[in-house]
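Chain by chain, the residues:
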Amino acid sequence: MGTQLLKFLTKQTHVSAIGVRFKTTSSHYVSSRARDPTFEKLMDKYKNLLKVISIQDLILANPKNQAISLDFLSNLSQKLHLNRGAASFLRKYPHIFHIFYDPKHSKPFCRLTQSALQIVHQESEAINASLPLVVDRLVRLLSMVPSKSLPLRAIFKVWRELGLPDDFEDKVISQNFQIFELCDAPEPGTHILKLVNGVRSSSFTSSVENWRVEDCCKEDCSVDRTEIQFSFKHGFPPGMRLSKNFKAKVKEWQRLPYVGPYDEMTEIKKRKAGLMGIEKRAVSIVHEFLSLTIEKMIEVEKISHFRKLFGIDLNIRDLFLDHPGIFYLSTKGKRHTVFLREAYERGCLINPNPVYNARRRLFDLVLLQRRGLLVEDSEEN
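Given the structure is predicted, the values throughout are model-derived calculations rather than measurements. Counting from 1, residues in each chain are numbered in the order their sequence is written. Where totals are concerned, whole chains, interfaces and linings use all residues; where local detail is concerned, this predicted model gives features only for residues with pLDDT of at least 70, and gives and counts side-chain atom pairs only at 80 or more. No hydrogens and no water enter the side-chain calculation; it runs on all heavy atoms of the structure.

Account for empty space enclosed by the protein, naming residues and giving values.
Empty space among the atoms becomes apparent when a probe as large as a water molecule is rolled across them. Only protein atoms enter the calculation, which uses a 1 Å grid: trapped sets of points that fit a 1.4 Å probe without letting it out are cavities, open sets showing protein on both sides within 12 Å along at least five of seven lines are pockets, and any residue with an atom within 4 Å of a point is a lining residue. Grid points are joined across faces, edges and corners, and a volume is the space filled by probe spheres set on the points. What the rule picks out here adds up to three cavities of 30 Å³ or more. Empty space within the second largest cavity amounts to approximately 80 Å³. Every residue along the wall of the second largest cavity is listed here: L42, Y46, L49, E295, M297, Y344, G347, Y356, R359, R360 and F363. Put simply, the parts of the chain that give the lining of the second largest cavity at least two residues each are α4 (37–60) and α17 (354–368). Only DSSP runs of H or I covering at least 4 residues are called helices, and only runs of E covering at least 2 are called strands; the numbering of each starts at the N terminus.

Right, dumping it as structure tokens:
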């Protein structure tokens, strides 16, 4: 049935009454959301970056021979969503992919250009240099789970989003045995990652709490501290109609107390919180999850795998749609991707990190497409 806020506070351009929310299908609810041109434009280009990364991973999979045949890629064209075929896609990005003929195998192959390889090394170095932050991210993620543990396969789904090294089992888990414990799960062949007993997790401060402190400390801050105590930063899509009733309900929701993402949600607290308090806790958990990611964005499908693990009984996608001032949901590229609105300005992270900067360089090469070929050709030669 979806979550509570729009039932409680919305009167959006395409959702004119609370009753409509109950009758609409999930797909109609997605299509009726208010669009944000900046995020839509970003995702329109970003979907091609995701295809580039998929091919790049295939090329780098074999350390001894970092090249793949075009025949192999062509067989994967449908799976990789290369609508015009592998060769056409590769030629579109000559700054990233170099096609060459291998006389030994009598067929064309593809490898990464020097520019692309430099970016790969830059990202790897940035991740290795930030391993203490990686450990902190992983501890925070586990701390939001009531059991303080997660299936290892769940972490594998988001390892890139969290900025983990591809061999994080060795570099992060094994090297920090005083923090992490890897146990066998009841299901054969699966493992559970848990925090070692004694690791303090309740002392963490969430990103939204940091924002509240920063906002209150500003010289020009005119907001009463009691007003901001339980608030989340909001920024609505351009052109979205905000009625007086909508604004009043948002203000009421902002004042609502809730149990934070790192605090224990006992049955007593759950009963006291009520439906809206439970939903606000869910918002705080997914808000913190997005704050932990490198690019402050993630596929909805991936974060949905954590819903039950976090103890969230609500539909994650509807949660994002119900809070358009906090999150933005894009459906570009045949996937649903959610952004943390406050982290972005004009399609870029406001506070970039070294790993994001490396990935942005690759994104810039994707945007460049075939422009500047003479410079690239001289580098290759």
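Back to the text.
I'd love a proper account of the pattern of salt bridges, names of residues and values included.
By salt bridge we mean one thing: a side-chain nitrogen of Lys or Arg within 4 Å of a carboxyl oxygen of Asp or Glu. One pass over the full model with this rule turns up 16 salt bridges. When the shortest N-O distance is used, the salt bridge between K332 and D44 registers 4.0 Å. Placement of K332 in the loop between β8 (327–330) and β9 (337–340) and of D44 in helix α4 is noted, with a sequence separation of 288 residues between them. A salt bridge links K302 to E161; its shortest N-O distance comes to 2.8 Å. Placement of K302 in helix α15 (residues 300–304) and of E161 in the loop between α9 (152–157) and α10 (168–173) is noted, with a sequence separation of 141 residues between them.

Quick rundown of the packing of aromatic side chains? Include the residues and the values.
Stacked, edge-to-face and tilted are the three classes for Phe, Tyr and Trp ring pairs, Trp counted by its six-membered ring, which pair at centre distances within 6.5 Å; planes under 30 degrees apart are stacked, over 60 edge-to-face, the rest tilted. Following the criterion strictly, the structure yields 17 aromatic pairs and no others. Judged by centre distance (5.7 Å) and plane angle (65°), the ring pair of F39 and Y344 falls under edge-to-face. Linking F39 in helix α4 with Y344 in strand β10 (residues 344–345), this pair joins segments that are 305 residues apart in sequence. This pair shows no difference in class: F39 is buried, exactly as Y344 is. Members of the aromatic cluster, joined through ring pairs, are F39, Y328, F339 and Y344. We count a charge as sitting over a ring when the NZ of a lysine or the CZ of an arginine lies within 6 Å of the ring centre and within 35 degrees of the ring normal. We note R111 situated over the ring of F100; from NZ or CZ to the ring centre the distance is 4.6 Å. Seen from the ring of W253, K280 lies directly overhead, with NZ or CZ sitting 4.6 Å from the centre. Relative accessibility under 20% of the residue-type maximum defines a buried residue, over 50% an exposed one, and the middle range a partly exposed one, all with a 1.4 Å probe and only protein chains included.

Let's hear about the layout of surface pockets: which residues, and what values?
Reported here for the largest pocket is a volume of approximately 1,200 Å³. Every residue lining the largest pocket is counted, 41 residues in all, and those nearest its centre are K47, L50, K51, S54 and R335. Looking at the lining of the largest pocket, the elements that each hand over two or more residues are α4, α6 (86–92), α9, β7 (297–299) and α17. Among the elements that make up the lining of the largest pocket, the one with the highest residue count is α4 (eleven residues). Under this grouping Gly is polar, as are all residues other than the nonpolar Ala, Val, Leu, Ile, Met, Phe, Trp, Tyr, Cys and Pro and the charged Asp, Glu, Lys and Arg. Broken down by class, the residue content of the lining of the largest pocket amounts to 15 nonpolar, ten polar and 16 charged. Forming the boundary of the second largest pocket are 30 residues, of which S207, N210, S291, K296 and N351 lie nearest the centre. Residue assignment for the lining of the second largest pocket shows that the elements contributing at least two residues are α8 (131–143), α11 (207–217), α14 (267–292) and α17. Broken down by element, the lining of the second largest pocket gets its largest block of residues, five residues, from α11. Looking at side-chain class alone, the lining of the second largest pocket contains eleven nonpolar, nine polar and ten charged residues.

Geometry only, nothing functional implied.
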